[in-house]
Amino acid sequence: MLDGSRGGAGPGVPMVSIRGLRKSYGGHLVLDDVDLEVGAAEVVVIAGPSGSGKSTLCRCINRLEVPDSGEVTIGGQPVPLEGRQLARIRAEVGMVFQQFNLFAHRTVLENVALGPVKVLRQRPAQARQRAQELLDRVGVGAQAAKYPAQLSGGQQQRVAIARSLAMDPKVMLFDEPTSALDPEMINEVLDVMKSLARDGMTMIVVTHEMGFARSAADRVVFMDAGRIVEQAPPEQFFSAPRSQRAQDFLSKILIHS
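Residues numbered from 1 in each chain as written. Predicted model: local features only at pLDDT ≥ 70, side-chain atom pairs only at ≥ 80, totals over all residues. Heavy atoms only, no water.

Quick word on the overall build of the protein chain
For the protein chain, the helix and strand inventory stands at nine helices and 10 strands. Whereas a compact globule of 257 residues would reach a radius of gyration of roughly 18 Å, the protein chain reaches 18 Å, a difference of no more than 12%. In terms of principal-axis extent, the alpha carbons of the protein chain reach across some 55 × 40 × 40 Å. For the protein chain, with 257 residues in total, the buried portion stands at 53%. Considering only intrachain contacts with a sequence separation of at least 6, the fraction spanning at least 24 residues in the protein chain is 66%. Accessible surface, the protein chain: about 11,500 Å² in total, of which carbon and sulfur atoms supply 48%. For the protein chain, the centre of its 29 positive side-chain charges and the centre of its 28 negative side-chain charges are spaced 6 Å apart. (Helix = DSSP H or I, 4+ residues; strand = E, 2+ residues; numbered from the N terminus. Rg over C-alpha atoms; globule rule 2.2 N^0.38 Å. Buried < 20%, exposed > 50% of the residue type's maximum accessible area, 1.4 Å probe, protein only. Contact = heavy atoms within 4.5 Å. Areas by Shrake-Rupley, 256 points an atom, 1.4 Å probe, with all protein chains shown as cover. Lys, Arg positive; Asp, Glu negative; His and termini not counted. Charge placed at Lys NZ, Arg CZ, Asp CG, Glu CD.)

Some points on the packing of aromatic side chains
Counted by the stated rule, this structure contains three aromatic pairs. When the ring of Phe 222 is compared with that of Phe 237, the centres are 6.0 Å apart and the planes differ by 35°; the resulting orientation is tilted. Of the two residues, Phe 222 is situated in strand β9 (residues 219-224) and Phe 237 in helix α8 (residues 234-239); the sequence distance between them amounts to 15 residues. Judged by its relative accessible area of 0%, Phe 237 falls in the buried class. (Phe/Tyr/Trp six-rings, centres within 6.5 Å; stacked < 30°, edge-to-face > 60°.)

Brief notes about the sheet that holds strand β1 (residues 16-25)
Strand order in the open sheet formed by four strands is β2-β1-β4-β5, and the pairing between neighbours is antiparallel. Each edge of the sheet is formed by a strand with only one pairing partner; in this case those strands are β2 (28-38) and β5 (77-78). Across the sheet, helix α1 (residues 54-61) is in contact with β1, β2 and β4 (69-74); its angle to β1 comes to roughly 120°. (Pairing = 2+ DSSP bridges. Axes fitted to C-alpha atoms, helices over the stretch in contact; angles between N-to-C directions.)

Focus on the side chain of Gln 156
Looking at where Gln 156 falls in the secondary structure, it is placed in helix α5 (residues 153-165). Among the polar contacts made by the side chain of Gln 156, one reaches the main-chain carbonyl oxygen of Pro 148 at a distance of 3.3 Å. The residues contacting Gln 156, other than those within four sequence positions of it, are Phe 100, Leu 102, Pro 148 and Leu 151. (Polar contact = N/O pair within 3.5 Å; in protein donor to acceptor, adjacent residues only side chain to side chain.)

Considering the packing of helix α3 (residues 108-118) against α5
Working note: a packed helix pair is described by the angle between its axes plus the distance between those axes. Viewed as axis vectors pointing N to C, α3 and α5 meet at an angle of 25°, and their least axial separation amounts to 8 Å. The angle between α3 and α5 falls in the class roughly parallel. Viewed along their axes, α3 and α5 form a crossing whose handedness is right-handed. In this structure, α3 contributes Val 108, Asn 111 and Val 112 to the contact, and α5 contributes Val 159, Ala 162 and Arg 163. Class assignment for the residues of the contact of α3 with α5 results in four nonpolar, one polar and one charged. (Parallel < 35°, antiparallel > 145°, perpendicular 65-115°, else oblique. Left-handed = near helix turned anticlockwise from the far one by under 90°. Nonpolar A, V, L, I, M, F, W, Y, C, P; charged D, E, K, R; others polar.)

Examining the side chain of Ser 52
Mapped onto the elements of the fold, Ser 52 is located in the loop between β3 (43-47) and α1. The buried category is assigned to Ser 52, whose relative accessible area is 1%. Among the polar contacts made by the side chain of Ser 52, one reaches the main-chain carbonyl oxygen of Pro 49 at a distance of 2.8 Å. Discounting residues that sit within four places of it in the chain, Ser 52 has contacts with Val 30, Met 223, Asp 224, Ala 225, Gly 226 and Arg 227.

Details of the sheet that holds β9
Within a sheet, each strand pairs with its neighbour through backbone hydrogen bonds, oriented either parallel or antiparallel. One open sheet accounts for six strands, arranged β6-β7-β8-β3-β9-β10; its pairing is mixed. Of all strands in the sheet, those bounded by a partner on one side alone are β6 (93-96) and β10 (227-232). Strand-to-strand twist of the sheet, defined as the mean angle between neighbouring strand axes without regard to direction, takes the value 20°. Summarising the sheet, β3 and β9 pair through four bridges and their orientation is parallel. By the bridge assignment, Ile 46 is partnered in β9 with Val 221. Sheet strands in contact with α5 are β6 and β7 (171-175), and its direction is about 170° off that of β6. Together, β3, β9 and β10 form the strand contacts of helix α9 (residues 244-253), whose direction differs from that of β9 by roughly 100°.

Brief notes about the pattern of salt bridges
A side chain with one charge can pair with a side chain of the opposite charge if their charged atoms come near. Applying the stated criterion across every chain, the model contains 11 salt bridges. The residue Arg 22 makes a salt bridge to Asp 32 at a minimum N-O spacing of 2.9 Å. Linking Arg 22 in strand β1 with Asp 32 in strand β2, this pair joins segments that are 10 residues apart in sequence. For Asp 168, the salt bridge goes to Arg 130, with nearest N and O atoms at 3.3 Å. (Salt bridge = Lys/Arg side-chain N within 4 Å of Asp/Glu carboxyl O.)

Some thoughts on the pairing of β3
Among the five residues that make up β3, five are buried, leaving the element largely enclosed by the rest of the structure. By the alternation rule, side chains of β3 split into Val 43, Val 45 and Ala 47 and Val 44 and Ile 46, which are all buried. In terms of strand pairing, β3 meets strand β8 (residues 202-206) through four bridges, oriented parallel. What sits directly across from Ile 46, in β8, is Val 206.

Honestly, that's just the spatial picture; any functional story needs more than this.
Put into structure tokens, the structure is as follows:
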């Protein structure tokens, strides 16, 4: 089971709340007044065509991208623009990227244990023990003494997930976590993510893997042109999408799913 020692939002408070989020690059509006709430232990998949703002929305949640306007709260606490408070909240939001971003000069175990020692001030021995437990949990415990370059892409991504879990996050963000993987490695990462979902982790997942959305999501949020066009439980979204834009998107993508 997940640690959960950090606690979560209070009763009735969404784990993640986004209000009026806008973001542009130059004259191009990427996020156009986005509102979204995600409850504790909810798994939300953000889907949509390339360039619809999905990854930018994900990165704005923990201020990897700074929005032009709007507010994000995590567990009822506003995410500030900078400073120590931002670092504290960011530590509570795990993020897994397309690229694995592991430290090449550190072993797998050291990659996972580093954050808890440096940020959470855990004792090194405690952090290493927890890191090994998490590596076992995601199925790469036997690789702990290796370096990232000695692992497959799927193994590296599972190490990246373990590294995020080591911080005992309140919520996990996944930004197209399987898009850089060879096809045979995708399921091993998705299986770990499904296991996290079953254990009650709050998750926001940007992905083109509609099979994962069908089987693991509580809700699918469909974006286009920087806006949320519609959102629904997966069975409703896939069987009877309300918007013409979502219907067009699914008619193209589901042929290949």
